[in-house]
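Structure assessment
Here are the chains, one letter per residue:
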Amino acid sequence: MSDKEAVERANSAFYEAFEAMDNDAMAECWAQREQDICIHPGWEVIWGWEAIQSSWDAIFENSGYMRFELSDLAIECLGDVARLTCLENIYSVVEEATTHAQVAATNLFVRTDNGWRMILHHGSPVAHTVSFTEEEDVH
């Protein structure tokens, strides 16, 4: 398996853990270092595995069903570090209604003795633009 394929597999494991809201599986995805960083959409920067793990606990305890469809994947391997960018299409159920949100994500992985592990997850909400036709007044 190529490095690119292995990184894509590690990224898939991350999103599978996220969908399953599985703390143990999520922990397996991370390098679990004090230098690790996580930035959830709308949150401040979280430093260190202990704080990151607590953030996942809070998300999992306060979330319902979520499903991810990833698009626009781009992977670059730079020796023992790899960057993956993607668009997260998140489908969730809130008060019996299905919602859709998009988040632009950057995930950094480092090669370890146990395979590729995440050292950074950064998600930013995608703003949707409104388009106007020439006939519409935009003022």
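Structure first, text after, so check above.
Owing to the predicted nature of the structure, the values given are computational and were not obtained by experimental measurement.

What follows is about the overall build of the protein chain. Within the protein chain one finds three helices and six strands. When the helices and strands of the protein chain are read in sequence order from the N terminus, they spell out α-α-β-β-α-β-β-β-β. Projected onto its principal axes, the C-alpha positions of the protein chain cover 60 × 35 × 25 Å. Here the protein chain, with 139 residues, has 35% of them falling under the buried criterion. At a minimum sequence separation of 6, the contacts of the protein chain that also span at least 24 residues come to 45%.

Now for the sheet that holds strand β4 (residues 81–94). Taken together, the six strands give an open sheet; going across it, the order is β2-β1-β6-β5-β4-β3, and neighbouring strands pair in mixed fashion. Strands with a single pairing partner mark the edges of an open sheet, and in this sheet they are β2 (46–47) and β3 (66–78). As paired elements, strand β1 (residues 37–39) and β2 share two bridges and run antiparallel to each other. Each residue of the ladder has a partner; that of I37, found in β2, is W47. Contacting β3, β4, β5 (97–112) and β6 (115–125), helix α1 (residues 3–20) runs over the sheet at an angle of about 155° to β3.

When glycine is set aside, most residues are seen to have a negative phi, and most peptide bonds are trans. Positive phi, normally seen in glycine, also occurs at M21, with a value near 50°. Topologically, M21 is positioned in the loop between α1 and α2 (23–29). Its identity is not glycine, yet Q32 carries a phi of approximately 65°, on the positive side. Inspection of the secondary structure puts Q32 in the loop between α2 and β1. On the basis of relative accessibility, which here comes to 39%, the residue Q32 falls in the partly exposed class.

Time to look at the pairing of β5. Sheet topology note: the β4/β5 ladder contains 14 bridges and is antiparallel. Within β5, the residue paired with L87 across the bridge is A104. Where β4 folds back on β5, the antiparallel hairpin that results is connected by two residues, among which E95 adopts a positive phi of roughly 50°. As paired elements, β5 and β6 share ten bridges and run antiparallel to each other. Opposite T106, over in β6, you have H122 as the bridge partner.

Counted as a void, the largest pocket has a volume near 370 Å³. Only β3, β4, β5 and β6 provide two or more residues apiece to the lining of the largest pocket. A total of five residues in the lining of the largest pocket trace back to one element, the largest contributor, which is β4.

Between α1 and helix α3 (residues 49–61), the shortest axis-to-axis distance is 9 Å and the interhelical angle comes to 45°. When the axis of α1 is compared with that of α3, the two are oblique. Contact residues: α1 offers F14, A17 and F18, while α3 offers W56, I59 and F60. Tallied by class, the residues present in the contact of α1 with α3 amount to six nonpolar, no polar and no charged.

Parameters at a glance
- Residues numbered from 1 in each chain as written.
- Predicted model: local features only at pLDDT ≥ 70, side-chain atom pairs only at ≥ 80, totals over all residues.
- Heavy atoms only, no water.
- Helix = DSSP H or I, 4+ residues; strand = E, 2+ residues; numbered from the N terminus.
- Buried < 20%, exposed > 50% of the residue type's maximum accessible area, 1.4 Å probe, protein only.
- Contact = heavy atoms within 4.5 Å.
- Pairing = 2+ DSSP bridges.
- Axes fitted to C-alpha atoms, helices over the stretch in contact; angles between N-to-C directions.
- 1 Å grid on protein atoms, 1.4 Å probe; cavity = no way out; pocket = protein on both sides within 12 Å on 5 of 7 lines; lining within 4 Å.
- Points joined across faces, edges and corners; volume = space filled by probe spheres on them.
- Parallel < 35°, antiparallel > 145°, perpendicular 65-115°, else oblique.
- Nonpolar A, V, L, I, M, F, W, Y, C, P; charged D, E, K, R; others polar.

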